[in-house]
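Coordinates in review
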Amino acid sequence: MENLKNKKILVTGSSGFVGKNLINKLTTLGFKNLLSPNSNELDLTNEQSVKKYFEDNKPNIVLHIAGLVGGISINKLKPADFFYKNGMMSMLVTHYSYLNNVEKLVSLAAGCGYPKNIPVPFSEDDFWNGLPDMNSYGYSLAKKNLVVGSWAYNEQYGFNHTVLIPANLYGPYDNFNLDTSHVIPALIRKFLDAKENNLDEVVVWGTGVATREFLYVEDTVNAIIDAIECNETGPFNLGTGKETSIKELNETISKIVGYEGKIIWDTTKPDGQPKRFYNMDKFKNSFGYIPNTTLKDGLEKTIQWYINNKNIVRL
Ligand SMILES: NC(=O)c1ccc[n+]([C@@H]2O[C@H](COP(=O)([O-])OP(=O)(O)OC[C@H]3O[C@@H](n4cnc5c(N)ncnc54)[C@H](OP(=O)(O)O)[C@@H]3O)[C@@H](O)[C@H]2O)c1
């Protein structure tokens, strides 16, 4: 790790949820030479912009975190945008990293790319066994291209690219905008608002029986940094290997927040993929551990962060 600290590292998506946590962690660890352009300075969907940035800056390592990201409703509304933008970013970052002799590329695919109806826990070989949940297929299939690119550029050019497939992420700096957020920040806001306003009930989407796997963002950025020294393409599942029902998630958040009203399930709204959690054997064999922040600990830290940082939270 010490030998990496003077390398020039480009972090794409550094202004986003995972990116901010990653930049903070790299800085704390003593990485000195970080490039962190926002999308105005480097539009990753624009080939001229990507070509010029790579040629001008010549990064040694690229941590590709950028993406057009959102919850089910915005994915359903804009499947073409999610497909085009994420697809372009995957292609251009891979291609220009290779052309500019980047020593290592680490990137993030999406867990919703797993087929809808496969048995849990998901193993990486299952990734290719069918179509994903159609609520977010534009996004998830475009993200899958990163994996195809990692194999192709490795096979043809020996290019060193590792792809991680994170579970549902949560933590400080997450997107708390109810129109575009994922389930955890949306629920934190709902339950805190309900408590503050003394509401008798909170209405939440679906039936609550669907299961998901949630990964605390600090575990995520630690794995991204560890992946710099991994010499396999993967892809690797990145999660805890633990399954949580949406019902249990709601109850845990409402309890931490101290909300005592009723939870009402709006069963006219979709559950999305019925069950999802990872087999973490492949990650453990290569990285030597499985991320282990408990959901309760991670949620407590996230809720505390939200309460303490209302002035900078993305609403
Ligand atoms: N959050 C999750 O639960 C989750 C789960 C699995 C995988 N992932 C993956 O993790 C990555 C980070 O997600 P996140 O939750 O941190 O997303 P986020 O908070 O929405 O941040 C997205 C980042 O991507 C950048 N970006 C978007 N379009 C861009 C473009 N055209 N050119 C350059 N940069 C662009 C944004 O930059 P600007 O703000 O400057 O526009 C922002 O910094 C994504 O690749 C996502 O697919 C996330």
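For the structure given in this document, a descriptive report is provided here. All of these numbers come straight from a predicted model, not from anything done at the bench.

What follows covers the environment of Gln304. Tracing the chain through its elements places Gln304 in helix H10 (residues 295-308). Residue classification places Gln304 among the exposed positions, given that 12 C-beta atoms sit within 10 Å. Residues Gln304 and Gln48, spaced 256 residues apart in sequence, show a C-alpha to C-alpha distance of 42 Å.

In terms of burial, strand E4 (residues 104-108) is largely enclosed, as five of its five residues are buried. Taking every second residue as pointing to the same face, both faces of E4 are buried, with Lys104, Val106 and Leu108 on one and Leu105 and Ser107 on the other. As judged from the four bridges shared by strand E3 (residues 61-64) and E4, these two strands associate in the parallel manner. Along E4, the bridge assignment pairs Leu63 with Val106. In the sheet, E4 pairs with strand E5 (residues 161-166) via four bridges, with the strands oriented parallel. Bridge pairing links Leu105 to His161 in E5. Handedness of the β-α-β unit built from E4, helix H5 (residues 137-157) and E5 comes out right-handed.

Close to the ligand lie 28 residues; Gly13, Gly16, Asn38, Ser39 and Gly67 are nearest. Listed by contribution, the elements that provide at least two residues to the shell around the ligand are helix H1 (17-29) and strand E6 (168-170). Here the shell around the ligand takes three residues from H1, the largest share from any one element. A breakdown of the residues in the shell around the ligand according to their chemical character gives 12 nonpolar, 13 polar and three charged.

Here we take up the sheet that holds strand E1 (residues 9-12). Taken together, six strands build an open sheet; the order of strands is E2-E1-E3-E4-E5-E10 and the sheet is parallel. Each end of this open sheet is capped by a strand with a single partner; those strands are strand E2 (34-35) and strand E10 (236-238). The strands touched by helix H7 (residues 217-227) within the sheet are E3, E4, E5 and E10, with E5 carrying the most contacts at an inclination of about 165°.

Leu22, Leu63, Leu164, Leu187, Phe191, Ile224 and Leu238 are the most contacted members of the largest nonpolar core, which totals 76 residues. When residues of this core are assigned to their parent elements, the largest contribution, eight residues, is made by helix H6 (residues 183-196). Among residues more than four places away in sequence, those in contact with Leu187 are Val204, Leu249, Asn250 and Ile253.

Reading guide: rules and limits
Residues numbered from 1 in each chain as written. Predicted model: local features only at pLDDT ≥ 70, side-chain atom pairs only at ≥ 80, totals over all residues. Helix = DSSP H or I, 4+ residues; strand = E, 2+ residues; numbered from the N terminus. Buried ≥ 20, exposed ≤ 12 C-beta atoms within 10 Å, placed from the backbone. Pairing = 2+ DSSP bridges. Right-handed = clockwise from strand over helix to strand, strands pointing away. Near = placed C-beta within 6 Å. Nonpolar A, V, L, I, M, F, W, Y, C, P; charged D, E, K, R; others polar. Contact = placed C-beta atoms within 7 Å. Axes fitted to C-alpha atoms, helices over the stretch in contact; angles between N-to-C directions. Core = buried A, V, L, I, M, F, W, Y, C linked by C-beta atoms within 7 Å.

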